[in-house]
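# Fold and geometry: a report
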Amino acid sequence: MQRVIAKSILNKTKQRDPWFLDDYTVNPYSGCSFNCLYCYIRGSKYGVNMAEKLSVKQNAIDLLDRALALRARKKQYGIIVLSSATDPYLQFEQTELLTRQLLEIILHYRFPVHIITKSDLVSRDFDLVKQIDAEAILPFDLQGKLTHRAFITFSFSTIDTEIARIFEPGAPSPELRLSTLSQARMMGLCSGVSLMPLLPFISDTGANLDQMFSTFRSVDANYIFPATLALYGSDPGDNRTLVMRAVEKHYPQFVEKYQRLFGPDGKLPNYYRQAFAEKVKGLCVQYGLRDRLPAGRFLIIS
């Protein structure tokens, strides 16, 4: 693990994602030790050995303090997403405490936050998230539209332990994530699921989707963001190569289907994505799960 000096830590997004509502993003770490084969970052300089390219931005605290002080003075409040390029709760966060210190600064300047993670370690910081939810200031155009100011979204591609071991070999188990999601809800925190990417014929079958939606409903998830898989690149470290290699090894019966489905652009065909969207829309209605962050009287239009 390296320690680096970053030039900046708070990134202003060009446009809010309709699911995550990110006005800003903060990534305290680079690289990732969870080693998810399908990760879109795989095409970056971190390559196949992402766990060996880990770095800590050791000046992140000072950078964020100065950046948020300036934004707060100008009343440029916005939802900060932790994180957009790696998980904010990698294993060594337990001793580094960098994400926790960043949350303390976010609380101090009263910015809303959206944490996206695969880790149960986030439960350590539920106290800070609870305070942010009570004290943060929403951006002007979202005031009166959102019911919360802090959100915790747990990322899943499956809830099957064996599938997770193949495609998410370094990540905390789905069981731990589900348990932590349930704890967040019992504490009154707004918490839900990023169900992406789902794996064709492996985790996106009708039976699997029904089981997942039922499970997420049983732990009282506030919302769910379902999305399909995209495969990019042809280099050894790209997610297309890694996922196809895993499919060939563990699910050889699907190799031809994967080769046929994923074209040069890396995306599934329109007909497949449309059928998937209709299926999960029906499941959201069936299980009473929102497909957006909880809103008040007004709809949030992307």
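Scroll up for the structure.
Residues numbered from 1 in each chain as written. Predicted model: local features only at pLDDT ≥ 70, side-chain atom pairs only at ≥ 80, totals over all residues. Heavy atoms only, no water.

### A word on the pairing of strand S10 (residues 224-228)
Of all the five residues making up S10, four are buried; the element is thus mostly covered by neighbouring parts of the structure. In terms of strand pairing, strand S9 (residues 190-198) meets S10 through four bridges, oriented parallel. For Leu 198, the partnering residue across the bridge sits in S10 and is Thr 228. For the segment spanning S9, helix H7 (residues 206-218) and S10, crossover handedness is right-handed. (Buried < 20%, exposed > 50% of the residue type's maximum accessible area, 1.4 Å probe, protein only. Helix = DSSP H or I, 4+ residues; strand = E, 2+ residues; numbered from the N terminus. Pairing = 2+ DSSP bridges. Right-handed = clockwise from strand over helix to strand, strands pointing away.)

### Re the side chain of His 114
For His 114, the position within the fold is in strand S7 (residues 113-117). Looking at His 114, the relative accessible area reads 0%, which means it is buried. Those residues in contact with His 114 that sit more than four places away from it in its chain are Trp 19, Phe 20, Ile 79, Ile 80, Val 81, Leu 82, Phe 151, Thr 153, Tyr 223, Phe 225 and Leu 293. (Contact = heavy atoms within 4.5 Å.)

### So, the nonpolar core
Core analysis: the largest hydrophobic core is formed by 88 residues, its most contacted members being Ile 106, Phe 167, Phe 213, Phe 216 and Tyr 258. In terms of nonpolar packing, the next biggest core, distinct from the first, is built from 15 residues, Leu 142, Phe 151, Phe 225 and Leu 293 among them. (Core = buried A, V, L, I, M, F, W, Y, C linked by side-chain atoms within 4.5 Å.)

### Some words on the pairing of S9
Burial analysis of S9 places nine of its nine residues in the buried class, the great majority of the element. By the bridge criterion, six bridges tie strand S8 (residues 150-156) to S9 in an arrangement that is parallel. Pairing of Phe 156 across the sheet is with Leu 195, part of S9.

### A closer look at the layout of surface pockets
One water molecule sets the probe size; rolling that probe over the atoms shows where empty space is left. By volume, the largest pocket amounts to about 1,400 Å³. If you trace the largest pocket, you find 46 residues lining it, with Phe 20, Ser 194, Met 196, Pro 197 and Ala 227 closest to the centre. Taken together, the elements giving at least two residues each to the lining of the largest pocket come down to S7, S9, S10 and helix H10 (270-287). Considering each element in turn, the lining of the largest pocket owes the most residues, seven residues, to H10. In terms of residue class, the lining of the largest pocket is made up of 27 nonpolar, 10 polar and nine charged. (1 Å grid on protein atoms, 1.4 Å probe; cavity = no way out; pocket = protein on both sides within 12 Å on 5 of 7 lines; lining within 4 Å. Points joined across faces, edges and corners; volume = space filled by probe spheres on them. Nonpolar A, V, L, I, M, F, W, Y, C, P; charged D, E, K, R; others polar.)

### Re the pattern of salt bridges
Counted under the stated rule, the structure contains 12 salt bridges. Among the salt bridges present, the one from Asp 125 reaches Arg 100, with a minimum N-O distance of 2.8 Å. Within this pair, whereas Asp 125 is found in the loop between S7 and helix H4 (126-135), its partner Arg 100 is found in helix H3 (residues 98-108), the two being separated by 25 residues in sequence. Just as Asp 125 is buried, Arg 100 falls in that class too. Residues participating in the shared-partner salt-bridge network are Glu 93, Arg 100, Arg 124, Asp 125 and Asp 127. (Salt bridge = Lys/Arg side-chain N within 4 Å of Asp/Glu carboxyl O.)

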